[in-house]
Protein chains: 2
Amino acid sequence: MKNLRITIISTGSELTAGRSSDTNSTWIAGQLFELGWKVRNFLVLPDDPKVITDELKNLKEISIQNPEEPVLVIMTGGLGATEDDYTLQCALELNDKKSEPSEKARLKLQKFYETRGKSYSDILPVVLRQVYVPEGSVTLDNASGLAVGFVESLSNQSYLVCMPGVPSEMKDMFNRRLVPFLKRTYRKESLFQETRWVWNIGESLFQAEFIPQVSDLLADGMEWGVTAQKGFIKAIFQSKEKKQVEEAALRVEKFYGSESTSDVFASVHQKLSIAGLQLSVAESCTGGLLGKKITDLPGASIYFNGGVIVYSNSQKTKLLSVDPEILKSHGAVSEETCKSMLNGLEQISNSDLSLSITGIAGPEGGTEEKPVGTVWIGRKRKGANAEAFKYVFPGNRDTIRENAANTALFLLNQIL
Amino acid sequence: MKNLRITIISTGSELTAGRSSDTNSTWIAGQLFELGWKVRNFLVLPDDPKVITDELKNLKEISIQNPEEPVLVIMTGGLGATEDDYTLQCALELNDKKSEPSEKARLKLQKFYETRGKSYSDILPVVLRQVYVPEGSVTLDNASGLAVGFVESLSNQSYLVCMPGVPSEMKDMFNRRLVPFLKRTYRKESLFQETRWVWNIGESLFQAEFIPQVSDLLADGMEWGVTAQKGFIKAIFQSKEKKQVEEAALRVEKFYGSESTSDVFASVHQKLSIAGLQLSVAESCTGGLLGKKITDLPGASIYFNGGVIVYSNSQKTKLLSVDPEILKSHGAVSEETCKSMLNGLEQISNSDLSLSITGIAGPEGGTEEKPVGTVWIGRKRKGANAEAFKYVFPGNRDTIRENAANTALFLLNQIL
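What you see is a predicted model; the values in this text were computed from it and never measured.

Side note on the overall build of chain A
Stage number 1. The helix and strand tally for chain A stands at 16 helices and 17 strands.
Stage number 2. The principal-axis extent of the C-alpha atoms belonging to chain A is close to 75 × 65 × 40 Å.
Stage number 3. Across the 416 residues in chain A, those meeting the buried criterion constitute 55%.
Stage number 4. For chain A, contacts bridging at least 24 residues in sequence account for 68% of all contacts bridging at least 6.
Stage number 5. Accessible area of chain A: about 17,600 Å², with a carbon and sulfur share of 49%.
Stage number 6. Here chain A holds 47 positive side-chain charges and 51 negative ones, and the gap between their average locations is 4 Å.

Considering helix H10 (residues 242-256) of chain A
Residues and elements named next belong to chain A.
Stage number 1. For H10, with 15 residues, the first-to-last C-alpha span of 22 Å sits near the 21 Å given by 1.5 Å per residue.
Stage number 2. Residues of H10 that are buried include every one of Gln244, Val245, Ala248, Ala249, Val252 and Tyr256, and no others. Looking straight down H10, one finds that the buried residues subtend no more than 135 degrees of arc, so they occupy a single side. Exposed residues on H10 whose side chains face more than 90 degrees from its buried face are Lys243, Leu250 and Lys254.
Stage number 3. Trailing H10 by a residue or two, Gly257 shows a phi angle of about 55 degrees, which is positive.

Description of the UniProt feature "domain: MoaB/Mog" (unreviewed entry) in chain A
Stage number 1. Here the UniProt feature "domain: MoaB/Mog" (unreviewed entry) sits at residues 7-185 of chain A.
Stage number 2. In this annotation, residues 7-185 of chain A is assigned 43% helix and 21% strand; the end-to-end C-alpha distance for the span is 17 Å.

Notes on the side chain of Arg196 of chain A
Residues and elements named next belong to chain A.
Stage number 1. Mapping Arg196 onto the fold places it in strand E9 (residues 192-199).
Stage number 2. Of the polar contacts made by the side chain of Arg196, one reaches the side chain of Glu253; its length is 2.6 Å.
Stage number 3. Apart from the residues within four sequence positions on either side, Arg196 is in contact with Ile233, Lys234, Ala235, Ala249, Val252, Glu253, Ser260 and Thr261.

Notes on the interface of chain B and chain A
Stage number 1. Counting residues at the interface gives 66 residues for chain B, matched by 68 residues for chain A.
Stage number 2. Counting each side, the surface lost to burial between chain B and chain A is near 5,000 Å², with a carbon and sulfur contribution of 55%.
Stage number 3. Applying the counting rule to chain B against chain A returns 4 salt bridges.
Stage number 4. Residue Asp296 of chain A pairs with Arg401 of chain B through a salt bridge whose shortest N-O separation is 2.9 Å.
Stage number 5. If you tally residues by element for the side of chain B that touches chain A, the top one is strand E14 (residues 304-310) of chain B, at 7 residues.
Stage number 6. Residue composition of the side of chain B that touches chain A, grouped by class: 25 nonpolar, 29 polar and 12 charged.
Stage number 7. As judged from the 3 bridges shared by strand E2 (residues 41-45) of chain A and strand E2 (residues 41-45) of chain B, these two strands associate in the antiparallel manner.

Some remarks on the pairing of E2 of chain A
Residue and element names in this part refer to chain A.
Stage number 1. For E2, the buried fraction is high: 5 of the 5 residues fall into the buried class.
Stage number 2. Of the two faces of E2, the one holding Asn41, Leu43 and Leu45 and the one holding Phe42 and Val44 are both buried throughout.
Stage number 3. Pairing between strand E1 (residues 5-11) and E2: 5 bridges, direction parallel. The residue bridging Thr11 from the neighbouring strand is Leu45, located in E2.

Focus: the packing of helix H3 (residues 49-65) of chain A against helix H4 (residues 87-95) of chain A
Residues and elements named next belong to chain A.
Stage number 1. Interhelical geometry of H3 versus H4 gives an angle of 40 degrees and a closest axis separation of 9 Å. Here H3 lies oblique to H4, going by the angle between them. The handedness of the crossing between H3 and H4 comes out as right-handed. Facing Pro49, Ile52, Thr53, Leu56, Lys57 and Lys60 of H3, the residues of H4 in contact are Gln89, Cys90, Glu93, Leu94 and Asn95.
Stage number 2. Here the contact of H3 with H4 is composed, by residue class, of 5 nonpolar, 3 polar and 3 charged.

Brief notes about the nonpolar core
Stage number 1. With 68 residues, the main nonpolar core has Leu290, Ile294 and Phe304 of chain A together with Leu290, Ile294 and Phe304 of chain B as its most contacted residues.
Stage number 2. When sequence neighbours within four positions are dropped, the list of residues in contact with Ile294 of chain B reads Leu279, Val281, Ala300, Tyr303, Phe304 and Leu409 of chain B.
Stage number 3. Counting 66 residues, the second largest nonpolar core, distinct from the first, contains Val71, Ala81 and Val126 of chain A together with Val73 of chain B.

Some details on the sheet that holds E1 of chain A
Stage number 1. Taking strand neighbours across the sheet as the criterion, the 12 strands line up as E6(A)-E7(A)-E8(A)-E3(A)-E1(A)-E2(A)-E2(B)-E1(B)-E3(B)-E8(B)-E7(B)-E6(B) in an open arrangement whose pairing is mixed. Strand pairing shows two members of the sheet lacking a second neighbour, strand E6 (138-140) of chain A together with strand E6 (138-140) of chain B, which therefore form its edges. Along the sheet, successive strands turn relative to each other by an average axial angle of 20 degrees, direction set aside.
Stage number 2. Strands in contact with H4 of chain A are E1, strand E3 (71-76), strand E7 (149-155) and strand E8 (158-163) of chain A; relative to E7 of chain A, the strand with the most contacts, it is inclined by about 25 degrees.
Stage number 3. Against the sheet, helix H7 (residues 167-186) of chain A engages E3, E6, E7 and E8 of chain A, with an angle of about 170 degrees to E8 of chain A.

Digging into helix H2 (residues 24-34) of chain B
Residue and element names in this part refer to chain B.
Stage number 1. Of all 11 residues making up H2, 8 are buried, and the element is well covered by its neighbours.
Stage number 2. Looking only at H2, the buried set comprises Asn24, Ser25, Thr26, Ile28, Ala29, Gly30, Leu32 and Phe33.
Stage number 3. Once H2 ends, the next one or two residues include Gly36, with phi positive near 95 degrees.

Section: the pairing of strand E17 (residues 387-392) of chain B
Residues and elements named next belong to chain B.
Stage number 1. Pairing of strand E16 (residues 374-381) with E17, which is carried by 6 bridges, proceeds in the antiparallel orientation. If you follow Arg379 over to E17, its bridge partner there is Glu387.
Stage number 2. Between the end of E16 and the start of E17, which pair antiparallel, lie 5 residues, with Gly383 showing a positive phi angle near 90 degrees.

Observations regarding the side chain of Thr358 of chain B
All names here are of chain B.
Stage number 1. Tracing the chain through its elements places Thr358 in strand E15 (residues 353-359).
Stage number 2. Residue classification places Thr358 among the buried residues on the basis of a relative accessible area of 0%.
Stage number 3. Side-chain polar atoms of Thr358 contact the backbone oxygen of Ala332, separated by 2.8 Å.
Stage number 4. For Thr358, the residues in contact, after removing those within four places along its chain, are Ser284, Cys285, Lys316, Ala332, Val333, Ser334, Cys338, Met341, Thr374, Val375 and Trp376.

A short note on the pattern of salt bridges
All names here are of chain A.
Stage number 1. Within this structure, the stated rule accounts for 42 salt bridges over all chains.
Stage number 2. Across the salt bridge formed by Glu402 and Lys293, the nearest N and O atoms sit 2.8 Å from each other. Taken as a pair, Glu402 in helix H16 (residues 397-414) and Lys293 in helix H12 (residues 289-295) lie far apart in primary sequence, 109 residues in all.
Stage number 3. Looking at Lys293, the relative accessible area reads 16%, which means it is buried.
Stage number 4. What you see here is one network of salt bridges that share partners, running through Lys104, Asp141 and Arg177.

Overview of the environment of Gly395 of chain A
Stage number 1. Considering the arrangement of structural elements, one finds Gly395 of chain A in the loop between strand E17 (387-392) and H16.
Stage number 2. As for Gly395 of chain A and Lys230 of chain A, which are separated by 165 residues in sequence, their C-alpha atoms are 9.7 Å apart.

Points about the domain arrangement of chain A
Stage number 1. For chain A, the assigned domains read domain 1 (5-186), domain 2 (192-261) and domain 3 (264-414).
Stage number 2. Summarising the inter-unit geometry, the C-alpha centres of domain 1 of chain A and domain 3 of chain A are found 42 Å apart.

Some points on unusual backbone geometry
Stage number 1. Look at the link from Gly362 of chain A to Pro363 of chain A: it is a cis peptide, with omega at 0 degrees.
Stage number 2. Tracing the sequence through the fold places Pro363 of chain A in the loop between strand E15 (353-359) and strand E16 (374-381).
Stage number 3. Residue Gln157 of chain B is not a glycine yet carries a positive backbone phi of 70 degrees.
Stage number 4. Positionally, Gln157 of chain B belongs in the loop between strand E7 (149-155) and strand E8 (158-163).

Focus: the sheet that holds strand E14 (residues 304-310) of chain A
Stage number 1. The strand order across the open sheet built from 10 strands is E17(A)-E16(A)-E15(A)-E13(A)-E14(A)-E14(B)-E13(B)-E15(B)-E16(B)-E17(B), with neighbouring strands paired in mixed fashion. Either end of the sheet is taken by a strand with one partner, and the two such strands are E17 of chain A together with E17 of chain B. Recorded for the sheet is a direction-independent mean angle of 15 degrees between the axes of neighbouring strands.

Procedures and definitions
Every chain is numbered on its own, with residues counted from 1 as its sequence reads. Starting at A for chains and at 1 for ligands, labels are handed out in the order in which the entities are written. In keeping with the model being predicted, local features are shown solely for residues with a pLDDT of at least 70 and side-chain atom pairs are shown and tallied solely at 80 or more, while totals for entire chains, interfaces and linings include all residues. With hydrogens and water excluded, all non-hydrogen atoms of the structure serve as input to the side-chain values. Helix numbering and strand numbering both begin at the N terminus, where a helix is a DSSP run of H or I of at least 4 residues and a strand a DSSP run of E of at least 2. Working definition: with a 1.4 Å probe on protein chains only, accessible area under 20% of the residue-type maximum means buried, over 50% means exposed, and in between means partly exposed. Any two residues whose heavy atoms approach within 4.5 Å are treated as being in contact. Working definition of accessibility: Shrake-Rupley area with a 1.4 Å probe, residue cover restricted to the visible protein chains. Counted as positive: Lys and Arg. Counted as negative: Asp and Glu. His and the chain ends are not counted at all. The atom standing in for a charge is NZ when the residue is Lys, CZ when it is Arg, CG when it is Asp and CD when it is Glu. Expected helix span is taken as 1.5 Å per residue step, with the number of steps being one fewer than the number of residues. Here the arc refers to the directions that run from the helix axis out to each C-beta atom. UniProt positions are given in the numbering used here, feature names are shortened, and annotations may be inferred rather than shown by experiment. Between N or O atoms, a polar contact is any pair within 3.5 Å; within protein, one atom must be a potential hydrogen donor and the other a potential acceptor, and residues adjacent in sequence are included only when both atoms are from side chains. Defined here as a combined quantity, buried area equals the accessible surface (1.4 Å probe) lost by two parts on assembly, summed across both. We define a salt bridge as a side-chain nitrogen of Lys or Arg found within 4 Å of a carboxyl oxygen belonging to Asp or Glu. Each residue is assigned to one of three groups, with Ala, Val, Leu, Ile, Met, Phe, Trp, Tyr, Cys and Pro labelled nonpolar, Asp, Glu, Lys and Arg labelled charged, and all others, Gly among them, labelled polar. A pair of strands is treated as paired once DSSP finds two or more bridges between them. Angles run from 0 to 180 degrees between N-to-C directions of axes, and those axes are lines fitted to C-alpha atoms, restricted for helices to the stretch in contact. These descriptions rest on fixed angle ranges, namely under 35 degrees for roughly parallel, over 145 for roughly antiparallel, 65 to 115 for roughly perpendicular, and the rest for oblique. Here a crossing is taken to be left-handed if its near helix is turned anticlockwise relative to the far helix by less than a right angle, and right-handed if that turn runs clockwise. Buried Ala, Val, Leu, Ile, Met, Phe, Trp, Tyr and Cys residues that are joined via side-chain atoms within 4.5 Å together make up what is termed a nonpolar core. Annotation comment: domain bounds sourced from an automatic or database domain assignment.

Okay, here's the thing in structure tokens:
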């Protein structure tokens, strides 16, 4: 197959009215990129059946006129239980079909009502609509919600995929249901892929200093991509030959040493889940973000004790016994305060591992000596000395806080 | 004029590869919505001149074929000084035109170089390209950058607007240059808008039980929209008549009582910023998310002390002195534990206001009596009794945690 023309569509009048932003398309495009597919364009449409149907008909027409370039349309939104959910209706009109219930989804909905003490006949027709799909379509189960997704044919090898707009439901459906379908359908000669995270570096520097190191592999057909994250970049290598991507990953590791890692969130979670060690955190400028990130993963309760949010100086002293003299002479954002937070945290939590963060997230509070973005991050193993590392993160308040929390996990991963 | 068919285009291969997300379109649509214009769709395209030109030609064709529905295309990106900036080239090809420099922008660029000790002849052609526009087009000055924007005609009353992709430059250009042009061209009357948040309710129930209450206003031309958030919905009313939207907002307040609010995050922040009260939080299942949300807003340090993350039972006892007997007999997710967390928190923080959250975020840990989603949220003013409220939130781990943190702020707002 030559090419696949991929269009991602998000529907929702709240999107085209600017009340909320389309994050689904970006996420889907990123996932497809990692699977080796490039997206041609995104479309964002209001909950207007005429507009949606027009665009789908146009894409179907394109797929018929260029049979050697199959069209894949991935659409999210409009599958819910309100009057302005039109996706099913548009898909039916597109292929002039009737709808039928997905029996599995219907039973789930029924059970959902019954556990709430209601009977099947209580379900409003508009609510019931969520479990209907075009007759004969491939259904995509929804593990975390009620609305079922589906894949409809546009023409030979061309498909329309419809998924709910709720990001958590869509992501789960994409990974567990859609990806296997796409791999099966387009027999993507499986490309081998290696990903490495590199910390404290931007995309352009990585490109300038590292990519020349793999020019031989690129000349031999390997492809690369890089995505900027908060605190690190993801370097992705793809090739038909396993050896090439393994070699590229090896060169990243050699070039960047301990600044190059695998997925740090997964690694920390995996290592701590079996280590029998307890972790606590003390957060100032991140305000709880580090704890939130750790507990994003179910099962974190095995190793995560919790910790303290010491946003004010008074709480640093009150909860962590940070000496007011240290705060006065060195400031809240200093190596001394950062280490003192670790010592205090270990004392009150009795955890085996402690992390601390104190910094200036901005936009106010920066000085010449300590500009906005200055963050001290500490780590300590029980019995060992407290260590603290200084960073000056770029970006705005959000970015600086994300950088700080991610980097704390990077520093923790190093000592596990 | 009957209708205006508005398409917003963002260009950038970093967008279609999922490396960064398109915030410009959302912002522009929001501004247009407030000015009373509805956007038909967004398009996100890669830095590929063929793809961009194809789409523009298609839109021009549409404008020619439906002269009674003028087309307005607002495009951002691709006007900079790098090789992959193709917007000018595409606009020239679209109308088969030559380019000419904007004299004002050219002088600005020259001055920019001269203040850096360089002469005009040092400017590379690719950099100079930023000050060129299609001959005869309306130029849009860039007050905060070098790249000049422009408006090209597509057909009678139909236009292509090109602006830089840098958000700060685009926003300034939009407000100061483009809006006057659009008002002049399309002579639009402005719409009034009111928004209310309603808690603990879904979109479909709101539609079913409330919307009939404003059927008279809707028959008189008012429009409404609703967006689902985590823990609440946003109900939005628009009309040419101020009285209508004020009346609709009043009816929401009357119908939902204290479950209807304004923006709770802003309200809590504003009230606490002037109240001289200190706030602390104790989080179990949210793991830091509530603290993170509070500290998302700069200036929270005025009132936010911090708190504790007591993810494990041992830490609930160790840090907050929750009686192990309470944990044993009532469980960690119970009214008693929730209140005990408040009392312990007040004691160690000495804050005027305390919030606590303990629940089952899942996917594991649910029982028949306490299913996944069960969350107790507590609030306490110093000197008053601890109060605790039980919720059973729908959705997955992420959704339940977001619901819980948002609802805690809703409960806090009620007592401020």
